[in-house]
Amino acid sequence: MTGAQPKVTLDLALDAGLTAEEYDRILSQLGREPTYAELGLFSALWSEHCAYKHSRVFLARLPQRGPHVLQGPGENAGVIDIGDGWAVVFKIESHNHPSFIEPFQGAATGVGGILRDIFTMGARPIAILDSLRFGELDNPKTLRLVNGVVSGISWYGNCFGCPTVGGEIAFAPEYAGNPLVNVMCVGLVRADQIVRARADGPGNPVFYVGNKTGRDGIHGATMASATFDEHAEERRPTVQVGDPFTEKLLLEACLEVMRTGAVVGIQDMGAAGLACCTSEMPARSGTGMDVELSRVPQRETGMTPYEILLSESQERMLLVAARGREEEVRRIFAKWELEAVEIGRVTEGGELTARLNGEVVARVPVDLLAEAPTYRKPTTEPSELAERRAFDPLTLPEPSDYGDALIDLLGSPTIASKEWAFRQYDQQVGINTVVLPGSDAAVLRVKGTRRALAVSTDGNGRQVFLDPRQGAAMAVCEAARNVCCSGAEPRGVTDCMNFGSPERPEILWQFSEAIEGISLACRALELPVVGGNVSFYNETSGQAILPTPIIGVVGVLDDASRRATQWFKGPGHRVALLGPASVSLGGSEYLWARHRRLAGRLASLDLEAERRVQRAVRAAVSAGLVTAAHDCSEGGVAVALAESCVTGCAVMGCEATLVTADRTDLALFGEGPSRVVIAVEAARVREFEGLMAESAISWRWIGTTGGERLVIRVGPKVVVDVDAGQLGRAWRSGFEAHMA
Amino acid sequence: MRFGVVVFPGTWSDCDFHYVVSEVLHQPVRYVWHRERELGQLDCVILPGGFSYGDYLRAGAVAGRSPVVEALRDFVGRGGLVLGSCNGFQILCEAGLLPGVLTRNECLQYRCQSTHLVVENVDTPFTRGLRAGQVLTMPISHGEGKYYADAETLARLKQQNLIVFRYASADGKVTKASNPNGSLDNIAGIVNPEGTVLGMMPHPERASETAMGGTDGLLMFQSLLGSLVEDGTFLKR
């Protein structure tokens, strides 16, 4: 071993983010002190970000199998079969920490990272969705973050050429010190051409392809595994710098070289860079790897083995080729003007050997690196939760004018139109997007077939905060329901779990409960979780974010032409409300926006009722009976009706009558799961009624579209009578006015 | 009609144009790599949207000096048709095949949205099937689409009737509110004096199928197909 590296001590190991116990384990497993480069390997691969040390025992509870699953968790992304020989590859990932430190590049490289996860599987990315959470917009720093994140996403996605078709943006004070940037990507691949991140076949050449390696992003994985304090901005050098143009070339080169059949396996150099690929790929295949670091293309001089192994420079991949086909690989990457350098070989024996100019700088069993210790730390329900839940929102004063209350709610930044952001994103490149952003789910056709994909992301931190288990289950239900409202059958889930520090028992309790909720809902809806990401340590100076699982759902429409969108299409259509009557103001948007309260109980969730409602909506849409279908979520049925009135090209009025509740605000703005607003043309009413009768769900007609006003009665009494145009203006300006 | 779709490093509308030409128009089409210098048997060359060479210098600046664009000059000289959309329009201006320049959008942000275009010049192979004053609906998707030319050039464009499309309201009025990027005189597309080279910021390939929400882009392609005469020349009217 080389003597040029600093000597490793316990103190150095602690500085690198390892615990004393972990360091002991390394000493005993290696039977010696690690070299400095080896310490770097352990520091990165045993970080929470790479190793899921605190979450792995919980994640095992998620259902991961199903008849359509071609690839579950453990690869670059999950894969679901969609028929006609096609498969969909998708995953969601967070880039929260980098985006707080440097919003533009943080968000941009978040997009870059997830795109690579998709195309390393052999798929062409066809859609991006972003789930963003920020503090409230009265803070200039938040405005800067929103601007930076949105322009970073716009810059990277647009230049690369993948449309941004959906996602959501929500605001709450708990995210002020820790914004969330979760990016989901969806790609298409022929089911028989999926490529995996393996290093099979000792003797096969290992190629480094893509961008050169620099000193950027070193310790990115370790940075994402700690909380922030007031010095967060000093960590800017740990944020990578993106180059979407190079990524586009890398996409085309990778897909072209994969088509030749010369690729054995390939993995994105994301978190922990070369270190991660050279250990995870052979670990999956029961092989080893021997690499020469001096051959790694470098854009800076004098880089140490430690830096080369741990750099998180963007737009790079590690590719294992079939022996004898090296020239094909070189030729294709040369065509796309990218580096493709053979840096080593797959070996037998299960060891990663890294050399610098022939001299060994690290030699570690890959299983030891890939199998970090896992922990089951204690969990405790937060003591204040029972009190918060016990609060009765109906003790608060009622609004004096419900029309004004509805206008205010529709114009609150979380509910208002996000067009300000979406018009900065290319939404159509690839000419697949048949339902653009703005409906419950985006719909993308699959060219050459009659099918289409529907995609949606959802997650409500307030509901999860008050009841992590049910709140997380409701996030799964809502994302799936959104997909059903477009007419599609949900096929698979990806989840991004955003939480505070798992070392705090209260946070880990939130996490454990949320996983249980996701698991329950996914089992009830027969939805496998095929991949995802855990982002812990989302806290600054001890203030954790709202626990926020973001759920991405992908569904399939067998006939792309049989689909629905959320807005009313014309006058005289009957309007129905599907789903159970159970609603609550606890944890609702109304309670927060109007009364600044985060308290109360959630409405009860009946997963069997949810499943039936989803099936009924799908059946009605695919039978062509429905002219609009819209999920009731934030703001309750009043906001859902108002959105159906104003979110289309032309504003449309509606008259509706709701059943009485304990109070008018509960009837209008109460939130509950499993509810959908549907519009049906008069001529199809009979057929629709027949279908609903068969579906064994509770539902009723509540009104009719038409006119220029939204009129809502609760029982016999008119409580809202507002010009739809005025509602539309409030909805369109509610967010944008802050950003102008 | 034989089409070629040019692919630069960073081009992304290439597949979309290829799809529309082959699957919607059922015409022969091939990709043309940016290093090619031979455009041989093609009738119409399409320069698609994207970020050629990353557009890191100036949008279209590097591509405007590439081998295929040099070949394009001969091709145009022989009377071949060229359609540049989005980045393709930027490249044509950078190459000097069309006058003027496309600069950063006035709002300083990228814009992806539906726009209305009023047709000003129907004496080109691309527009001979349209009516003067007709309003087309097509999306834009760009960060640098604000057309600018000096007063002399603008006067010449007007005098020779070289402005083909202008951003307009749904009823065809050319207004400031309907201008999505601050283009001079709401210019969305221009043509060379011969009528054979058309540059436009909007994306006709994204408006060529009912499934994608509109077919006004297809009207341009249909004009093109109808303009081809048996001897290989093109009708303008």
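In this text, all values refer to a predicted model and were calculated from it rather than measured experimentally. In this convention, every chain numbers its residues from 1, walking through the sequence in written order. All chains are assigned letters beginning with A, and all ligands numbers beginning with 1, in the order in which they are written. Per-residue local features of the predicted model are confined to residues with pLDDT of at least 70, and side-chain atom pairs are confined, for both listing and counting, to 80 or more; whole-chain, interface and lining totals are unaffected and use all residues. To obtain the side-chain values, all non-hydrogen atoms of the structure were included, while hydrogens and water were left out.

1. Examining the overall build of chain B
Note the threshold: For helices the rule is a DSSP run of H or I covering at least 4 residues; for strands it is a run of E covering at least 2, with both sets numbered from the N terminus onward. Our radius of gyration looks at C-alpha atoms and nothing else; its globule reference is 2.2 Å times the residue count to the power 0.38. Burial classes: relative accessible area under 20% of the type maximum marks a residue as buried, over 50% as exposed, and values in between as partly exposed (1.4 Å probe, protein chains only). Only heavy atoms enter the contact rule, under which two residues are in contact if any of them lie within 4.5 Å. All accessibility values rest on the Shrake-Rupley procedure with a 1.4 Å probe; residue burial counts only the protein chains present in the view. Positive charge is attributed to Lys and Arg, negative charge to Asp and Glu, and no charge count is given to His or to the chain ends. Working definition for charges: the position is that of NZ of Lys, CZ of Arg, CG of Asp or CD of Glu.
If you tally the helices and strands in chain B, you get five helices and eleven strands. Against the globule reference of 18 Å for 237 residues, chain B gives a C-alpha radius of gyration of 16 Å, in line with a compact fold. When the 237 residues of chain B are sorted by exposure, 63% land in the buried category. For chain B, long-range pairs separated by at least 24 residues make up 75% of all intrachain contacts whose partners lie at least 6 apart in sequence. Surface accessibility of chain B: about 8800 Å² in total, with carbon and sulfur atoms responsible for 51%. Side-chain charges in chain B split into 21 positive and 24 negative, and the spacing between the mean points of these groups amounts to 5 Å.

2. What about the environment of arginine 198 of chain A?
Residues and elements named next belong to chain A. This is how it is decided: Polar contact is defined as a pair of N or O atoms within 3.5 Å, subject to the rule that within protein one atom must be able to donate a hydrogen and the other to accept it, and that residues adjacent in sequence are counted only when both atoms are side-chain atoms.
One can find arginine 198 in the loop between strand S6 (180-190) and strand S7 (205-210). Arginine 198 sits 122 residues away from valine 320 along the chain, and the two C-alpha atoms are 7.7 Å apart. Within polar-contact distance, the side chain of arginine 198 engages the side chain of aspartate 200 at 3.2 Å. From its side chain, arginine 198 meets the backbone oxygen of arginine 284 in a polar contact 3.3 Å long.

3. Notes on the sheet that holds strand S2 (residues 78-83) of chain A
Residue and element names in this part refer to chain A. Selection rule: At least two DSSP bridges between two strands are required for those strands to pair. Interaxial angle, 0 to 180 degrees, is taken between N-to-C directions of lines fitted to C-alpha atoms, where a helix line uses only the stretch in contact.
Pairing is mixed across the open sheet formed by six strands, whose spatial order is S1-S2-S3-S6-S4-S5. Every interior strand has two partners, whereas the edge strands, strand S1 (69-71) and strand S5 (164-171), have only one. The mean inter-strand angle of the sheet, taken between neighbouring strand axes irrespective of direction, is 20°. In this fold helix H8 (residues 140-160) packs onto strand S4 (124-134), S5 and S6, with an angle of close to 180° to the strand it touches most, S4.

4. Thoughts on the pairing of strand S11 (residues 197-200) of chain B
All names here are of chain B. Covered by surrounding structure in S11 are Val197 and Gly199 together with Leu198 and Met200, the residues of both alternating faces. The pairing of strand S4 (residues 81-85) with S11 spans four bridges and is classified as parallel. Residue pairing for S11: valine 82 is matched across the bridge by valine 197. Note that strand S10 (residues 187-191) and S11 share three bridges and pair antiparallel.

5. Description of the pairing of strand S24 (residues 654-658) of chain A
Residues and elements named next belong to chain A. The two faces of S24 differ: Cys654, Ala656 and Leu658 on one face are buried, but Glu655 and Thr657 on the other face are not. Direction of pairing for S24 relative to strand S26 (residues 699-705): antiparallel, over a ladder of three bridges. Following the sheet pairing, cysteine 654 is matched in S26 by threonine 705. Where S24 and strand S27 (residues 709-714) come together, five bridges link them in parallel fashion. Across the sheet, alanine 656 pairs through a bridge with isoleucine 712, a residue of S27.

6. Some details on the interface of chain A and chain B
We count it as follows: A quick way to say it: buried area is the sum, across both parts, of accessible area lost when two parts are put together, with a 1.4 Å probe. Basically, the charged four are Asp, Glu, Lys and Arg, the nonpolar ten are Ala, Val, Leu, Ile, Met, Phe, Trp, Tyr, Cys and Pro, and anything else, Gly included, counts as polar.
With 30 residues of chain A at the interface, the matching set in chain B holds 25 residues. Regarding the contact of chain A and chain B, the summed buried area is about 2400 Å², with carbon and sulfur atoms giving 58% of it. When the buried area of chain A at its contact with chain B is split by residue, Phe245, Arg423 and Ile431 of chain A rank highest and sum to 25% of it. At the boundary of chain A with chain B, the tally comes to ten residue pairs in polar contact (both at pLDDT 80 or more). For the side of chain A that touches chain B, the elements supplying multiple residues, two or more each, are H8, helix H10 (244-259) and strand S14 (433-435) of chain A. Here the side of chain A that touches chain B takes five residues from H8 of chain A, the largest share from any one element. Counted by class, the side of chain A that touches chain B contains twelve nonpolar, nine polar and nine charged residues.

7. Let's talk about helix H1 (residues 14-24) of chain B
Burial analysis of H1 of chain B places eight of its eleven residues in the buried class, which makes it a mostly covered element. Along H1 of chain B, the residues that are buried comprise Asp14, Asp16, Phe17, His18, Tyr19, Val20, Val21 and Ser22 of chain B. Lining the buried residues of H1 of chain B we find strand S15 (442-445) of chain A together with strand S1 (3-7), strand S2 (29-33), strand S3 (44-47), S4 and helix H5 (216-227) of chain B. Phi for histidine 26 of chain B, located one or two positions after H1 of chain B, is positive at around 55°.

8. A word on the packing of aromatic side chains
So the rule is basically this: Side-chain rings of Phe, Tyr and Trp (the six-membered ring for Trp) are treated as a pair once their centres are within 6.5 Å; stacked means planes under 30 degrees apart, edge-to-face means over 60, and tilted covers the remaining angles. Definition used: whenever NZ (Lys) or CZ (Arg) falls within 6 Å of the ring centre and also within 35 degrees of the ring normal, the charge is taken to sit over that ring.
For the structure on display, the rule yields 23 aromatic pairs over all chains. Note on phenylalanine 511 of chain A and phenylalanine 536 of chain A: the rings are 4.9 Å apart at their centroids and 65° apart in plane angle, and the pair reads as edge-to-face. Separated by 25 residues along the polypeptide, phenylalanine 511 of chain A in helix H20 (residues 505-524) and phenylalanine 536 of chain A in the loop between strand S18 (529-535) and strand S19 (539-540) bring together distant segments of the chain. Considered together, phenylalanine 511 of chain A and phenylalanine 536 of chain A belong to a single accessibility category, that of buried residues. Taking 5.2 Å as the distance between ring centres and 80° as the angle between the ring planes, the aromatic pair formed by tryptophan 699 of chain A and tryptophan 701 of chain A counts as edge-to-face. Sitting over the face of the ring of tryptophan 33 of chain B, lysine 335 of chain A holds its NZ or CZ atom 4.7 Å from the ring centroid. Looking at lysine 377 of chain A, its charged tip hangs above the ring of tyrosine 375 of chain A, at a distance of 5.2 Å from the centre.

9. Thoughts on the pattern of salt bridges
Two side chains of opposite charge can pair, provided their charged atoms sit close to one another. All names here are of chain A. The condition is simple: Salt bridge criterion: a side-chain nitrogen from Lys or Arg within 4 Å of a carboxyl oxygen from Asp or Glu.
As enumerated under the stated definition, the model contains 58 salt bridges over all chains in all. Linking aspartate 631 and arginine 481 is a salt bridge whose minimum nitrogen-to-oxygen distance equals 2.8 Å. In this pair, aspartate 631 sits in strand S23 (residues 628-631) while arginine 481 sits in helix H19 (residues 468-485), placing the two residues 150 residues apart along the sequence. Here the two residues aspartate 631 and arginine 481 agree in accessibility, since each one is buried. Beyond isolated ion pairs, a larger network of salt bridges with shared partners links Glu326, Glu327, Arg330, Glu342 and Arg345.

10. Focus: the packing of H19 of chain A against H20 of chain A
Residue and element names in this part refer to chain A. Our working rule: With respect to orientation, any angle under 35 degrees is reported as roughly parallel, any angle over 145 as roughly antiparallel, any angle of 65 to 115 as roughly perpendicular, and every other angle as oblique. Here a crossing is called left-handed whenever its near helix is offset anticlockwise from the far helix by less than a right angle, and right-handed whenever the offset is clockwise.
Relative orientation of the contacting elements H19 and H20 amounts to 40°, with a least axis distance of 7 Å. On the basis of the axis angle, H19 is oblique to H20. The way H19 lies across H20 gives a crossing that is right-handed. Contacts between H19 and H20 involve Pro468, Arg469, Ala472, Ala473, Val476 and Cys477 on the former and, on the latter, Trp509, Gln510, Glu513, Ala514, Glu516, Gly517, Ile518, Leu520, Ala521 and Cys522.

11. Some words on the environment of glutamate 387 of chain A
Summarising the element assignment, glutamate 387 of chain A is placed in helix H15 (residues 385-390). Spatially, the C-alpha atoms of glutamate 387 of chain A and leucine 250 of chain A are 54 Å apart, while their sequence positions differ by 137 residues.

12. Some thoughts on the side chain of serine 633 of chain A
Residue and element names in this part refer to chain A. Its place among the elements puts serine 633 in the loop between S23 and helix H23 (636-646). On the basis of relative accessibility, which here comes to 18%, the residue serine 633 falls in the buried class. Within the local environment of serine 633, its side chain forms a polar contact with the side chain of glutamate 634, the two groups lying 3.1 Å apart. Those residues within four positions of serine 633 in sequence are excluded, and the remaining contacts are Glu478 and Glu671.

13. Digging into the confidence of the model for chain B
Detailed conclusions should not be drawn from predicted coordinates in areas where pLDDT is low. How we decide: Per-residue confidence from the prediction method is given by pLDDT, with values spanning 0 to 100.
Summarising the model, chain B shows a mean pLDDT of 95, and 100% of its residues fall at 70 or more. Here the predicted complex scores 0.95 on pTM and 0.96 on ipTM.

14. Structural notes on the packing of helix H16 (residues 402-410) of chain A against H23 of chain A
All names here are of chain A. Between H16 and H23, whose axes approach to 10 Å, the crossing angle comes to 70°. The pairing of H16 with H23 is recorded here as roughly perpendicular in orientation. Contacts from Leu406, Leu409 and Leu410 of H16 reach H23 at Ala638, Val639, Ala642 and Glu643. Residues belonging to the contact of H16 with H23 are distributed by class as follows: six nonpolar, no polar and one charged.

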